[in-house]
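Residues per chain are reported as follows:
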Amino acid sequence: MHHFRYVRGRLYCEGVSVESLTKQHGSPLYIYSAKTLTDNFNRLHTALSPLNHLICFAMKSNSNLGVMRTLADLGGGFDTVSGGEIQRVIAAGGNPRKCVFAGVGKTEDEIVFALRKGIYCFNVESEPELERINRIAGKLKKIAPVAIRVNPNVDAKTHKKITTGTYDNKFGIAFEKIAGVYARAAKLKHIRLRGLQMHIGSQLTQVKPFADAVRKVAPLAAKLKTKHNIEFLSIGGGIGIIYEDALASGQATWWERKENRDLLTPEKYAETLVPLLQPLGLKVLLEPGRFISGNAGILVSRVEYVKRTGKKYFAIVDAAMNDLIRPAFYESFHEIVPVKQTKNRPIATDVVGGICETGDTFCKDRPIPRVEEGDLVAMLSAGAYGFVMAGTYNTRPMPTEVLVNGKKSAVVRKRQKVKDIWAGEATAPWQK
Ligand code: LLP
(Lines give C-alpha, C1' and ligand atoms only; values in the text may rest on other atoms or scores of the structure.)
Protein backbone atom coordinates (compact mmCIF):
# COMPACT_ATOMS: atom_id res chain seq x y z
CA MET A 1 0.00 0.00 0.00
CA HIS A 2 1.03 3.55 -0.50
CA HIS A 3 -0.49 6.96 -0.28
CA PHE A 4 -0.03 8.61 -3.65
CA ARG A 5 -3.40 9.21 -5.28
CA TYR A 6 -5.14 11.37 -7.82
CA VAL A 7 -7.67 13.63 -6.15
CA ARG A 8 -9.84 15.51 -8.63
CA GLY A 9 -7.25 14.92 -11.32
CA ARG A 10 -4.26 16.10 -9.28
CA LEU A 11 -1.60 13.83 -7.81
CA TYR A 12 -1.47 13.92 -4.04
CA CYS A 13 0.93 12.50 -1.51
CA GLU A 14 -1.35 11.79 1.45
CA GLY A 15 -3.16 15.10 2.04
CA VAL A 16 -0.75 17.32 0.13
CA SER A 17 -0.82 18.19 -3.54
CA VAL A 18 2.35 17.34 -5.41
CA GLU A 19 1.93 20.42 -7.59
CA SER A 20 1.84 22.73 -4.57
CA LEU A 21 4.97 21.14 -3.13
CA THR A 22 6.76 21.61 -6.44
CA LYS A 23 5.63 25.24 -6.61
CA GLN A 24 7.08 25.78 -3.20
CA HIS A 25 10.29 23.78 -3.46
CA GLY A 26 11.07 23.55 -7.16
CA SER A 27 12.08 20.44 -9.09
CA PRO A 28 13.53 17.86 -9.27
CA LEU A 29 11.94 16.98 -5.97
CA TYR A 30 11.84 13.78 -3.98
CA ILE A 31 8.63 13.39 -1.96
CA TYR A 32 8.24 10.73 0.73
CA SER A 33 5.07 9.59 2.44
CA ALA A 34 5.47 8.97 6.18
CA LYS A 35 2.20 7.08 6.27
CA THR A 36 3.41 4.68 3.58
CA LEU A 37 6.66 4.06 5.44
CA THR A 38 4.68 3.44 8.61
CA ASP A 39 2.13 1.16 6.95
CA ASN A 40 4.82 -0.90 5.27
CA PHE A 41 6.78 -1.28 8.47
CA ASN A 42 3.70 -2.19 10.50
CA ARG A 43 2.40 -4.60 7.91
CA LEU A 44 5.62 -6.59 8.00
CA HIS A 45 5.78 -6.30 11.78
CA THR A 46 2.24 -7.69 12.12
CA ALA A 47 2.81 -10.50 9.64
CA LEU A 48 5.82 -11.59 11.67
CA SER A 49 4.14 -11.23 15.05
CA PRO A 50 4.30 -14.98 15.82
CA LEU A 51 8.09 -14.58 15.93
CA ASN A 52 10.31 -12.73 18.35
CA HIS A 53 11.75 -10.41 15.73
CA LEU A 54 13.47 -7.11 15.00
CA ILE A 55 13.12 -5.21 11.75
CA CYS A 56 16.39 -3.50 10.91
CA PHE A 57 15.61 -1.10 8.06
CA ALA A 58 18.31 -1.35 5.37
CA MET A 59 19.11 2.35 5.42
CA LYS A 60 21.23 2.05 2.31
CA SER A 61 17.89 2.23 0.48
CA ASN A 62 16.98 5.60 1.98
CA SER A 63 19.02 7.25 4.68
CA ASN A 64 17.29 10.61 4.91
CA LEU A 65 17.12 11.61 8.56
CA GLY A 66 13.38 12.29 8.40
CA VAL A 67 12.70 8.90 6.86
CA MET A 68 14.93 7.18 9.40
CA ARG A 69 13.34 8.96 12.34
CA THR A 70 9.92 7.80 11.15
CA LEU A 71 11.12 4.20 11.34
CA ALA A 72 13.11 4.62 14.57
CA ASP A 73 9.94 5.96 16.22
CA LEU A 74 8.16 2.74 15.23
CA GLY A 75 10.77 0.76 17.15
CA GLY A 76 12.82 -0.28 14.13
CA GLY A 77 16.53 -0.91 14.14
CA PHE A 78 18.87 -0.31 11.22
CA ASP A 79 20.99 -2.41 8.92
CA THR A 80 24.10 -0.29 8.39
CA VAL A 81 27.02 -0.77 6.04
CA SER A 82 29.49 1.94 7.02
CA GLY A 83 30.66 4.04 9.91
CA GLY A 84 28.92 6.91 8.18
CA GLU A 85 25.62 5.09 8.32
CA ILE A 86 26.03 4.41 12.05
CA GLN A 87 26.68 8.14 12.53
CA ARG A 88 23.51 8.86 10.60
CA VAL A 89 21.52 6.53 12.85
CA ILE A 90 22.65 8.61 15.81
CA ALA A 91 21.93 11.88 13.97
CA ALA A 92 18.43 10.62 13.16
CA GLY A 93 17.75 9.76 16.81
CA GLY A 94 17.96 6.01 16.23
CA ASN A 95 19.48 3.53 18.64
CA PRO A 96 22.88 2.02 17.74
CA ARG A 97 22.03 -0.88 20.05
CA LYS A 98 19.44 -1.91 17.48
CA CYS A 99 21.93 -1.75 14.59
CA VAL A 100 23.67 -4.44 12.69
CA PHE A 101 26.81 -3.54 10.77
CA ALA A 102 27.32 -5.42 7.50
CA GLY A 103 29.60 -5.20 4.48
CA VAL A 104 32.67 -6.99 3.16
CA GLY A 105 35.09 -4.09 3.61
CA LYS A 106 34.82 -2.78 7.18
CA THR A 107 37.81 -0.59 7.99
CA GLU A 108 39.62 -0.45 11.33
CA ASP A 109 38.17 2.99 12.10
CA GLU A 110 34.67 1.81 11.36
CA ILE A 111 35.06 -1.21 13.63
CA VAL A 112 36.38 0.98 16.45
CA PHE A 113 33.46 3.37 16.03
CA ALA A 114 30.87 0.59 15.95
CA LEU A 115 32.34 -1.03 19.07
CA ARG A 116 32.38 2.28 20.93
CA LYS A 117 28.74 2.90 20.03
CA GLY A 118 27.73 -0.55 21.26
CA ILE A 119 26.00 -1.85 18.14
CA TYR A 120 23.88 -4.97 18.38
CA CYS A 121 26.00 -7.07 16.04
CA PHE A 122 28.66 -7.16 13.34
CA ASN A 123 27.63 -9.22 10.32
CA VAL A 124 30.98 -10.72 9.47
CA GLU A 125 31.82 -11.59 5.89
CA SER A 126 35.23 -13.30 6.13
CA GLU A 127 37.71 -14.89 8.54
CA PRO A 128 40.28 -12.08 8.20
CA GLU A 129 37.52 -9.66 9.20
CA LEU A 130 36.69 -11.80 12.23
CA GLU A 131 40.32 -11.71 13.32
CA ARG A 132 40.49 -7.98 12.79
CA ILE A 133 37.38 -7.39 14.91
CA ASN A 134 38.75 -9.65 17.64
CA ARG A 135 42.07 -7.78 17.69
CA ILE A 136 40.43 -4.33 17.81
CA ALA A 137 37.93 -5.39 20.47
CA GLY A 138 40.86 -6.69 22.54
CA LYS A 139 42.62 -3.32 22.30
CA LEU A 140 39.45 -1.54 23.38
CA LYS A 141 38.87 -4.10 26.14
CA LYS A 142 35.50 -4.97 24.69
CA ILE A 143 33.70 -8.09 23.52
CA ALA A 144 32.44 -7.78 19.95
CA PRO A 145 29.01 -9.30 19.21
CA VAL A 146 29.22 -11.16 15.92
CA ALA A 147 27.08 -13.02 13.41
CA ILE A 148 28.71 -14.69 10.48
CA ARG A 149 27.11 -14.31 7.10
CA VAL A 150 26.43 -17.64 5.52
CA ASN A 151 26.32 -17.81 1.78
CA PRO A 152 23.69 -20.50 1.20
CA ASN A 153 24.42 -20.79 -2.52
CA VAL A 154 20.81 -20.23 -3.51
CA ASP A 155 20.01 -18.37 -6.69
CA ALA A 156 17.64 -15.50 -5.88
CA LYS A 157 16.66 -15.23 -9.55
CA THR A 158 16.91 -11.47 -9.57
CA HIS A 159 18.97 -8.89 -11.50
CA LYS A 160 22.59 -10.02 -11.81
CA LYS A 161 23.89 -6.82 -10.19
CA ILE A 162 21.88 -7.40 -7.00
CA THR A 163 22.04 -11.13 -6.48
CA THR A 164 24.26 -12.01 -3.52
CA GLY A 165 23.65 -15.53 -2.30
CA THR A 166 25.60 -17.72 -4.69
CA TYR A 167 29.25 -18.77 -4.73
CA ASP A 168 29.84 -16.40 -7.64
CA ASN A 169 29.32 -13.48 -5.27
CA LYS A 170 31.78 -11.81 -2.91
CA PHE A 171 29.46 -12.10 0.07
CA GLY A 172 29.56 -14.27 3.17
CA ILE A 173 31.24 -17.58 3.87
CA ALA A 174 30.34 -20.77 2.04
CA PHE A 175 27.68 -22.86 3.74
CA GLU A 176 29.98 -25.90 4.08
CA LYS A 177 32.66 -23.89 5.90
CA ILE A 178 30.44 -22.22 8.48
CA ALA A 179 30.60 -24.82 11.25
CA GLY A 180 34.41 -24.76 11.17
CA VAL A 181 34.51 -20.97 11.25
CA TYR A 182 32.23 -20.86 14.30
CA ALA A 183 34.40 -23.42 16.05
CA ARG A 184 37.48 -21.27 15.42
CA ALA A 185 35.65 -18.06 16.28
CA ALA A 186 34.52 -19.54 19.60
CA LYS A 187 38.19 -19.61 20.61
CA LEU A 188 38.67 -15.89 19.98
CA LYS A 189 38.70 -14.09 23.31
CA HIS A 190 37.05 -10.87 22.31
CA ILE A 191 34.28 -12.29 20.16
CA ARG A 192 30.80 -13.22 21.29
CA LEU A 193 28.95 -15.37 18.78
CA ARG A 194 25.55 -13.80 18.84
CA GLY A 195 23.85 -14.91 15.63
CA LEU A 196 23.90 -16.20 12.09
CA GLN A 197 23.09 -14.03 9.10
CA MET A 198 22.20 -14.46 5.44
CA HIS A 199 20.93 -12.34 2.56
CA ILE A 200 20.44 -13.81 -0.89
CA GLY A 201 19.60 -10.78 -2.99
CA SER A 202 17.37 -7.81 -3.56
CA GLN A 203 14.06 -7.26 -5.37
CA LEU A 204 12.90 -10.86 -5.04
CA THR A 205 9.37 -11.26 -6.26
CA GLN A 206 8.84 -14.90 -5.30
CA VAL A 207 8.90 -16.50 -1.88
CA LYS A 208 10.57 -19.69 -3.09
CA PRO A 209 14.22 -18.58 -3.00
CA PHE A 210 13.70 -17.25 0.55
CA ALA A 211 12.12 -20.54 1.57
CA ASP A 212 14.89 -22.57 -0.09
CA ALA A 213 17.53 -20.55 1.74
CA VAL A 214 15.78 -20.74 5.12
CA ARG A 215 15.22 -24.48 4.73
CA LYS A 216 18.89 -24.93 4.01
CA VAL A 217 20.15 -22.68 6.80
CA ALA A 218 17.69 -23.49 9.62
CA PRO A 219 19.33 -26.81 10.64
CA LEU A 220 22.68 -25.04 10.71
CA ALA A 221 21.22 -22.30 12.92
CA ALA A 222 19.79 -24.93 15.25
CA LYS A 223 23.22 -26.58 15.56
CA LEU A 224 24.90 -23.26 16.24
CA LYS A 225 22.32 -22.49 18.89
CA THR A 226 23.11 -25.73 20.72
CA LYS A 227 26.86 -25.48 20.28
CA HIS A 228 27.53 -21.77 20.57
CA ASN A 229 24.39 -20.44 22.16
CA ILE A 230 23.59 -17.99 19.37
CA GLU A 231 20.47 -15.91 19.99
CA PHE A 232 19.35 -14.83 16.52
CA LEU A 233 19.08 -15.69 12.86
CA SER A 234 18.96 -12.83 10.38
CA ILE A 235 17.25 -13.69 7.13
CA GLY A 236 18.36 -10.47 5.43
CA GLY A 237 16.30 -8.21 3.21
CA GLY A 238 15.24 -8.51 -0.38
CA ILE A 239 11.43 -8.44 -0.42
CA GLY A 240 10.60 -7.07 -3.85
CA ILE A 241 8.02 -4.45 -4.79
CA ILE A 242 5.90 -3.74 -7.86
CA TYR A 243 7.48 -1.24 -10.21
CA GLU A 244 5.86 -2.12 -13.45
CA ASP A 245 2.29 -1.51 -14.39
CA ALA A 246 1.63 -0.48 -17.95
CA LEU A 247 -0.24 2.76 -18.16
CA ALA A 248 -1.03 1.87 -21.74
CA SER A 249 -4.64 2.92 -21.80
CA GLY A 250 -4.09 6.01 -19.72
CA GLN A 251 -6.73 4.50 -17.43
CA ALA A 252 -5.09 1.86 -15.36
CA THR A 253 -2.95 3.21 -12.62
CA TRP A 254 -0.21 1.74 -10.55
CA TRP A 255 -2.30 1.82 -7.39
CA GLU A 256 -5.53 0.54 -8.88
CA ARG A 257 -3.91 -2.46 -10.41
CA LYS A 258 -1.05 -3.39 -8.15
CA GLU A 259 -3.16 -5.09 -5.51
CA ASN A 260 -4.29 -7.54 -8.17
CA ARG A 261 -0.82 -8.60 -9.04
CA ASP A 262 0.80 -11.71 -7.76
CA LEU A 263 3.32 -9.82 -5.74
CA LEU A 264 5.32 -11.03 -2.81
CA THR A 265 3.32 -9.66 0.09
CA PRO A 266 4.53 -9.66 3.69
CA GLU A 267 1.68 -12.03 4.46
CA LYS A 268 2.85 -14.55 1.85
CA TYR A 269 6.40 -14.15 3.03
CA ALA A 270 5.39 -14.74 6.64
CA GLU A 271 3.00 -17.58 5.85
CA THR A 272 5.85 -19.53 4.27
CA LEU A 273 8.72 -18.54 6.51
CA VAL A 274 7.21 -18.38 10.00
CA PRO A 275 6.59 -22.17 10.19
CA LEU A 276 10.19 -22.77 9.14
CA LEU A 277 11.61 -20.29 11.63
CA GLN A 278 9.41 -20.69 14.67
CA PRO A 279 10.68 -24.14 15.75
CA LEU A 280 14.19 -22.73 16.04
CA GLY A 281 13.28 -20.66 19.06
CA LEU A 282 15.69 -17.98 17.91
CA LYS A 283 15.09 -14.27 17.59
CA VAL A 284 14.65 -13.42 13.90
CA LEU A 285 16.16 -10.31 12.35
CA LEU A 286 15.11 -8.86 9.01
CA GLU A 287 16.84 -6.25 6.89
CA PRO A 288 14.23 -4.93 4.48
CA GLY A 289 15.03 -1.75 2.60
CA ARG A 290 13.11 -1.49 -0.64
CA PHE A 291 9.93 -3.06 0.74
CA ILE A 292 9.64 -0.28 3.30
CA SER A 293 10.87 2.75 1.38
CA GLY A 294 10.45 1.90 -2.31
CA ASN A 295 6.82 2.76 -2.87
CA ALA A 296 6.96 5.48 -0.23
CA GLY A 297 8.74 7.93 -2.51
CA ILE A 298 8.41 9.66 -5.87
CA LEU A 299 10.67 11.91 -7.88
CA VAL A 300 8.91 14.87 -9.43
CA SER A 301 10.36 16.51 -12.49
CA ARG A 302 9.37 19.24 -14.90
CA VAL A 303 9.32 18.85 -18.67
CA GLU A 304 11.80 21.36 -20.05
CA TYR A 305 11.35 20.56 -23.73
CA VAL A 306 9.53 18.22 -25.99
CA LYS A 307 11.39 17.22 -29.09
CA ARG A 308 10.52 15.13 -32.10
CA THR A 309 13.30 13.55 -34.10
CA GLY A 310 12.39 11.21 -36.90
CA LYS A 311 9.87 8.85 -35.42
CA LYS A 312 10.77 9.63 -31.83
CA TYR A 313 9.02 11.74 -29.25
CA PHE A 314 11.27 12.90 -26.44
CA ALA A 315 10.25 14.56 -23.20
CA ILE A 316 13.38 16.19 -21.81
CA VAL A 317 12.91 16.65 -18.07
CA ASP A 318 14.85 18.50 -15.40
CA ALA A 319 15.72 15.33 -13.47
CA ALA A 320 18.49 13.19 -14.90
CA MET A 321 20.46 10.03 -14.26
CA ASN A 322 22.39 11.82 -11.52
CA ASP A 323 19.13 12.18 -9.56
CA LEU A 324 17.78 8.67 -10.16
CA ILE A 325 20.30 6.28 -11.64
CA ARG A 326 18.34 3.03 -11.52
CA PRO A 327 17.02 3.09 -15.11
CA ALA A 328 20.49 3.86 -16.50
CA PHE A 329 22.30 1.43 -14.23
CA TYR A 330 19.96 -1.57 -14.07
CA GLU A 331 17.61 -0.81 -16.96
CA SER A 332 15.01 -0.71 -14.25
CA PHE A 333 11.45 0.42 -14.73
CA HIS A 334 9.91 3.36 -12.89
CA GLU A 335 6.37 4.22 -13.77
CA ILE A 336 6.04 7.80 -14.99
CA VAL A 337 2.73 9.61 -14.56
CA PRO A 338 1.55 13.17 -15.10
CA VAL A 339 1.07 15.17 -11.92
CA LYS A 340 -2.04 16.70 -13.45
CA GLN A 341 -4.21 14.13 -15.21
CA THR A 342 -5.03 15.05 -18.80
CA LYS A 343 -7.25 13.76 -21.56
CA ASN A 344 -4.19 13.71 -23.82
CA ARG A 345 -3.82 10.45 -25.67
CA PRO A 346 -0.88 8.25 -24.71
CA ILE A 347 2.03 8.62 -27.06
CA ALA A 348 5.18 6.52 -27.22
CA THR A 349 7.63 8.72 -25.34
CA ASP A 350 11.28 8.63 -24.36
CA VAL A 351 11.56 10.50 -21.08
CA VAL A 352 15.17 11.62 -20.83
CA GLY A 353 17.35 13.85 -18.69
CA GLY A 354 19.64 16.60 -19.90
CA ILE A 355 22.94 14.79 -19.36
CA CYS A 356 25.19 14.17 -22.33
CA GLU A 357 24.86 10.40 -22.36
CA THR A 358 22.38 8.20 -24.13
CA GLY A 359 22.06 6.16 -20.94
CA ASP A 360 20.39 9.17 -19.34
CA THR A 361 16.99 7.76 -20.25
CA PHE A 362 14.15 7.07 -17.84
CA CYS A 363 12.00 5.19 -20.33
CA LYS A 364 11.95 4.35 -24.01
CA ASP A 365 8.93 4.41 -26.32
CA ARG A 366 6.62 4.18 -23.35
CA PRO A 367 2.98 5.09 -23.96
CA ILE A 368 2.30 7.94 -21.58
CA PRO A 369 -0.30 10.67 -21.94
CA ARG A 370 1.30 13.32 -24.17
CA VAL A 371 3.18 15.87 -22.07
CA GLU A 372 4.04 19.43 -22.90
CA GLU A 373 6.72 21.89 -21.88
CA GLY A 374 6.20 22.97 -18.28
CA ASP A 375 4.20 19.87 -17.27
CA LEU A 376 5.19 17.98 -14.15
CA VAL A 377 5.71 14.24 -14.18
CA ALA A 378 6.23 11.90 -11.25
CA MET A 379 8.53 8.90 -11.33
CA LEU A 380 7.04 6.39 -8.97
CA SER A 381 8.60 3.89 -6.58
CA ALA A 382 11.65 6.11 -6.22
CA GLY A 383 11.86 5.96 -2.42
CA ALA A 384 14.45 3.18 -2.38
CA TYR A 385 17.87 3.49 -4.01
CA GLY A 386 16.82 6.85 -5.43
CA PHE A 387 18.27 9.85 -3.64
CA VAL A 388 20.90 7.71 -1.89
CA MET A 389 22.43 6.79 -5.24
CA ALA A 390 22.21 10.33 -6.60
CA GLY A 391 25.29 12.35 -7.42
CA THR A 392 26.37 15.64 -8.84
CA TYR A 393 27.51 14.50 -12.27
CA ASN A 394 27.48 17.43 -14.69
CA THR A 395 27.70 19.73 -11.62
CA ARG A 396 24.00 19.28 -10.97
CA PRO A 397 23.06 19.85 -7.33
CA MET A 398 21.48 17.17 -5.19
CA PRO A 399 17.70 17.54 -5.26
CA THR A 400 15.41 18.61 -2.42
CA GLU A 401 13.68 15.97 -0.29
CA VAL A 402 10.31 16.54 1.34
CA LEU A 403 8.53 14.36 3.90
CA VAL A 404 4.74 14.42 4.02
CA ASN A 405 2.64 13.32 6.94
CA GLY A 406 -1.10 13.77 6.49
CA LYS A 407 -1.59 17.40 5.58
CA LYS A 408 1.83 18.40 6.85
CA SER A 409 5.00 18.58 4.82
CA ALA A 410 8.58 19.46 5.65
CA VAL A 411 11.80 19.88 3.73
CA VAL A 412 13.98 17.11 5.11
CA ARG A 413 16.86 18.04 2.89
CA LYS A 414 17.43 21.38 1.20
CA ARG A 415 18.45 21.56 -2.42
CA GLN A 416 22.21 21.64 -2.58
CA LYS A 417 23.71 24.99 -3.53
CA VAL A 418 25.71 24.80 -6.71
CA LYS A 419 28.82 26.23 -5.11
CA ASP A 420 28.62 23.59 -2.37
CA ILE A 421 29.28 21.01 -5.06
CA TRP A 422 32.90 22.16 -5.21
CA ALA A 423 33.23 23.13 -1.56
CA GLY A 424 36.32 21.33 -0.36
CA GLU A 425 37.98 21.54 -3.77
CA ALA A 426 40.80 23.95 -4.46
CA THR A 427 43.21 24.83 -7.16
CA ALA A 428 46.77 23.68 -6.46
CA PRO A 429 49.10 26.25 -4.81
CA TRP A 430 51.22 26.53 -7.95
CA GLN A 431 48.23 27.50 -10.05
CA LYS A 432 48.30 31.13 -8.99
N1 LLP B 1 20.79 -6.80 3.65
C2 LLP B 1 21.89 -6.87 2.90
C3 LLP B 1 23.04 -7.63 3.40
C4 LLP B 1 21.92 -6.24 1.64
O5 LLP B 1 23.02 -6.34 0.90
C6 LLP B 1 20.81 -5.52 1.18
C7 LLP B 1 20.81 -4.84 -0.11
C8 LLP B 1 19.68 -5.45 2.02
C9 LLP B 1 19.69 -6.11 3.25
C10 LLP B 1 18.43 -4.71 1.63
O11 LLP B 1 17.85 -5.25 0.49
P12 LLP B 1 16.38 -4.80 0.05
O13 LLP B 1 15.43 -5.24 1.13
O14 LLP B 1 16.38 -3.33 -0.11
O15 LLP B 1 16.17 -5.51 -1.23
N16 LLP B 1 20.79 -0.45 -5.64
C17 LLP B 1 20.05 -1.62 -5.97
C18 LLP B 1 19.79 -2.51 -4.79
C19 LLP B 1 21.04 -2.92 -4.06
C20 LLP B 1 20.78 -3.80 -2.87
C21 LLP B 1 22.01 -4.03 -2.08
N22 LLP B 1 21.84 -4.78 -0.87
C23 LLP B 1 18.75 -1.21 -6.68
O24 LLP B 1 18.56 -0.02 -6.89
O25 LLP B 1 17.96 -2.06 -7.07
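Quick caveat: nothing in here was measured; it's all calculated off a predicted structure.

Q: A description of the overall build of the chain should follow, citing residues and the corresponding values.
A: Counting secondary structure elements, the chain contains 13 helices and 21 strands. In terms of overall size, the chain behaves like a compact globule, its C-alpha atoms giving a radius of gyration of 23 Å where 432 residues would be expected to give roughly 22 Å. Per-residue burial over the chain gives 56% buried out of 432 residues. Contacts spanning at least 24 positions in sequence make up 70% of the contacts within the chain whose residues lie at least 6 apart. Computed over 63 positive and 41 negative side-chain charges, the inter-centroid distance for the chain is 4 Å.

Q: An account of helix 6 (residues 127–139) is needed here, citing residue identities and associated values.
A: In this model helix 6 runs 19 Å from its N-terminal to its C-terminal C-alpha over 13 residues, within 8% of the 18 Å that 1.5 Å per residue would give. Within the span of helix 6, buried status applies to Glu 129, Leu 130, Ile 133, Asn 134, Ile 136 and Ala 137. Contacts made by the buried residues of helix 6 are with helix 5 (108–117), strand 8 (121–124), strand 9 (144–151), helix 7 (178–185) and strand 11 (191–197). One side-chain oxygen of the residue at the start of helix 6 lies 3.3 Å from the amide nitrogen of Glu 129, identifying that residue as Ser 126. Looking one or two residues past helix 6, Lys 141 carries a phi angle of roughly 55°, positive in sign.

Q: Outline the pattern of salt bridges, supporting the account with residue identities and numerical values.
A: In this structure the tally under the stated criterion is 15 salt bridges. One salt bridge in this structure joins Glu 19 and Arg 10, with 3.2 Å as the shortest N-O distance. Overall, Glu 19 belongs to the partly exposed group, its relative accessible area being 23%. Salt bridges linked by common partners bring Glu 108, Arg 132 and Arg 135 together as one network.

Q: Which residues make up the sheet that holds strand 3 (residues 16–17), and what values go with them?
A: Pairing within the open sheet is antiparallel, and its three strands lie in the order 1-2-3. This sheet does not close on itself; its edge strands, each paired only once, are strand 1 (4–7) and strand 3. Of the strand pairs in this sheet, strand 1 and strand 2 (residues 10–13) are connected by four bridges, and their pairing is antiparallel. By the bridge assignment, Tyr 6 is partnered in strand 2 with Leu 11.

Q: How would you explain the environment of Gly 281 if you had to name every residue and give the values?
A: Its place among the elements puts Gly 281 in the loop between helix 10 (266–277) and strand 13 (283–286). Sequence spacing of Gly 281 and Asn 52 is 229 residues, and the spatial spacing of their C-alpha atoms is 8.5 Å.

Analysis parameters
Residues numbered from 1 in each chain as written. Predicted model: local features only at pLDDT ≥ 70, side-chain atom pairs only at ≥ 80, totals over all residues. Heavy atoms only, no water. Helix = DSSP H or I, 4+ residues; strand = E, 2+ residues; numbered from the N terminus. Rg over C-alpha atoms; globule rule 2.2 N^0.38 Å. Buried < 20%, exposed > 50% of the residue type's maximum accessible area, 1.4 Å probe, protein only. Contact = heavy atoms within 4.5 Å. Lys, Arg positive; Asp, Glu negative; His and termini not counted. Charge placed at Lys NZ, Arg CZ, Asp CG, Glu CD. Expected span 1.5 Å × (residues − 1). Polar contact = N/O pair within 3.5 Å; in protein donor to acceptor, adjacent residues only side chain to side chain. Salt bridge = Lys/Arg side-chain N within 4 Å of Asp/Glu carboxyl O. Pairing = 2+ DSSP bridges.

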